[in-house]
Amino acid sequence: MEKLDAKQDDHDAELTVIIISYNTVGMTLKAIKTLYANTHDTQFDCVVFDNASTDGSAQAIAAAFPDVKLIASGQNLGFAYANNVVAAHCTTPYFLLLNPDTETQAGAVDALMSFARTQPRAGIWGGRTVFADGSLNIASCWAAPSLRSLFFRALGLSTLFPRSAFINPETYGRWPRDTPREVDIVVGCFLLIRRSLWETLSGFQPKYYMYGEDSDLCLRARAMGYRPMITPEAQIVHHVGASTPRNVEKAILVMKARMSLIQDHWPRWKVGLGLCLMWVWSALRFAVTRPFAASSHPRRRASAERWQTLWSRRRSWLSGYDQA
């Protein structure tokens, strides 16, 4: 891959927006269109890395946006590694990771850049995400997994009390993301980071092929003394998971990522407890849904089949991601 020049169209870009696309041609085009239409005060370059899409994404992007730097990969490198490849060849002071299934709202990138300048201690910054209907999407940030959160999740209490800050601490309770706040994890769908910090952290850990790479990045930054933050002034629409449909393979990757976060960021004495709680979580759901395996109700039957598969393959995800 050739070196990406931070200068484009005779301007000095302060920011590189990195989009990793995979079979989301319509949404990716909308993401790029809204990015340019709603960013006015920030000089930026946009790089799209297409992870071997089969829906004509690369051709459509090249035709619609000739000024966008497009890299069409011959193979799917995964989200983490693809971002590392692009970032290694960019020279702007800031990187913004932007999902292809997002729509940037008016002034979002400008507001996020302004927030970053006033909160340098954060090191990593994010905004507020909403669904297409304008309702809050809480998944712009999370608290780090803990023994307490895994315990209540294993027992199913976090599902019964999803807005409880005590029982479901990873969601930050009832906070509607309407105030600036320090968080443990800024989600990678809309994540701004200084290039110097990215380089210090060596970017994403490639072993996090998909899911968990943003959590790991933020937790490593926190271990260095940085305090990631969210601002409600920077708002985007996030359609969530467009390139990764909800299925068993996705669930296994998510659980692998969670186990890797436990292994990488918990004290050694806690790791075994975390593994046990993850085991209990899946065991209880397998037991509860098993009677529905022969149900005539499609959703119940699908849930039973899903947990049966997850339980039968528990050794693969309980070990976490393989080391890079």
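All of the points below concern the structure found in this document. Only a predicted model underlies this, so the values are computations on that prediction, with no experimental measurement involved.

This part takes up the overall build of the chain. In terms of regular secondary structure, the chain is built from twelve helices and 14 strands. Its C-alpha atoms give the chain a radius of gyration of 20 Å, within 12% of the compact-globule value 20 Å for 324 residues. With the C-alpha coordinates of the chain rotated into their principal frame, the extents come out at 65 × 40 × 40 Å. The proportion of buried residues among the 324 residues of the chain is 52%. Within the structure as shown, the chain displays about 14,900 Å² of accessible surface, and the carbon and sulfur contribution to it stands at 54%. Where the 35 positive side-chain charges of the chain centre and where its 28 negative ones centre are 14 Å apart.

The next subject is helix α11 (residues 298–312). An ideal rise of 1.5 Å per residue puts 21 Å on 15 residues; α11 measures up with 21 Å between its terminal C-alpha atoms. Turning to α11, its buried residues are Ala-304, Arg-306, Trp-307, Leu-310 and Trp-311. Across the axial projection of α11, the buried residues extend over an arc of 165°, all falling on one side. Exposed residues on α11 whose side chains face more than 90 degrees from its buried face are Pro-298 and Ser-312. On its buried face, α11 is in contact with α9 (248–265), α10 (268–289) and α12 (314–318).

Ile-124, Leu-191, Ile-193, Trp-198 and Leu-217 are the most contacted members of the largest nonpolar core, which has 33 residues in total. The set of elements that each furnish at least two residues to this core consists of β3 (15–21), β4 (44–50), α3 (79–87), β6 (94–98), β12 (185–186), β13 (190–194), α7 (195–200) and α8 (213–223). Here this core takes six residues from α3, the largest share from any one element. Aside from chain neighbours lying at most four places away, what touches Ile-124 is Val-186, Leu-191, Leu-192, Ile-193, Leu-197, Leu-217, Cys-218, Ala-221, Pro-228 and Met-229. Among the nonpolar cores identified, the runner-up in size contains 30 residues, and Ile-61, Val-68, Tyr-94 and Phe-115 belong to it.

One way to put it is that helix α1 (residues 25–37) packs onto helix α2 (residues 57–64) with a least axis distance of 9 Å and a crossing angle of 30°. With respect to each other, α1 and α2 are oriented roughly parallel. Read as a crossing pair, α1 and α2 show a hand that is right-handed. Of α2, the residues touching α1 (which contributes Val-25, Thr-28, Leu-29 and Ile-32) are Ser-57, Ala-60, Ile-61 and Ala-64. In the contact of α1 with α2, the residues fall into six nonpolar, two polar and no charged.

A word on the state of the cysteines. A full pass over the atoms with the stated rule returns zero disulfides. Cys-90 takes part in no disulfide bond, and the closest cysteine sulfur to it belongs to Cys-46, at a distance of 10 Å. You can see Cys-218 has no disulfide; the closest cysteine sulfur is in Cys-141, sitting 10 Å from it. Since its relative accessible area comes to 0%, Cys-218 is described here as buried.

This part is about the side chain of Arg-285. Looking at the element boundaries, Arg-285 is found in helix α10. Glu-170 is the oppositely charged side chain nearest to the buried, salt-bridge-free Arg-285, at an N-O distance of 11 Å. Here the side chain of Arg-285 touches Ala-154 through a polar contact of 3.2 Å, landing on its backbone oxygen. Discounting chain neighbours no more than four positions away, the residues touching Arg-285 are Arg-153, Ala-154, Gly-156 and Trp-307.

What follows concerns the pattern of salt bridges. Throughout the structure, instances matching the rule amount to eleven salt bridges. Glu-14 is the partner of Arg-117 in a salt bridge, and the nearest nitrogen-oxygen pair spans 3.0 Å. Taken together, the residues span a long stretch of sequence, with Arg-117 in helix α4 (residues 108–118) and Glu-14 in the loop between β2 (11–12) and β3 at a distance of 103 residues. Of the residues examined, Glu-14 reaches a relative accessible area of 25% and is grouped as partly exposed.

Of all nine residues in α3, eight are buried, a share of seventy percent or more. Those residues of α3 that are buried lie in contact with β3, β4, β5 (69–72), β6, α7 and α8.

Conventions we followed
Residues numbered from 1 in each chain as written. Predicted model: local features only at pLDDT ≥ 70, side-chain atom pairs only at ≥ 80, totals over all residues. Heavy atoms only, no water. Helix = DSSP H or I, 4+ residues; strand = E, 2+ residues; numbered from the N terminus. Rg over C-alpha atoms; globule rule 2.2 N^0.38 Å. Buried < 20%, exposed > 50% of the residue type's maximum accessible area, 1.4 Å probe, protein only. Areas by Shrake-Rupley, 256 points an atom, 1.4 Å probe, with all protein chains shown as cover. Lys, Arg positive; Asp, Glu negative; His and termini not counted. Charge placed at Lys NZ, Arg CZ, Asp CG, Glu CD. Expected span 1.5 Å × (residues − 1). Arc of directions from axis to C-beta. Contact = heavy atoms within 4.5 Å. Core = buried A, V, L, I, M, F, W, Y, C linked by side-chain atoms within 4.5 Å. Axes fitted to C-alpha atoms, helices over the stretch in contact; angles between N-to-C directions. Parallel < 35°, antiparallel > 145°, perpendicular 65-115°, else oblique. Left-handed = near helix turned anticlockwise from the far one by under 90°. Nonpolar A, V, L, I, M, F, W, Y, C, P; charged D, E, K, R; others polar. Disulfide = S-S within 2.5 Å. Salt bridge = Lys/Arg side-chain N within 4 Å of Asp/Glu carboxyl O. Polar contact = N/O pair within 3.5 Å; in protein donor to acceptor, adjacent residues only side chain to side chain.

Read these as geometric descriptors, not functional statements.
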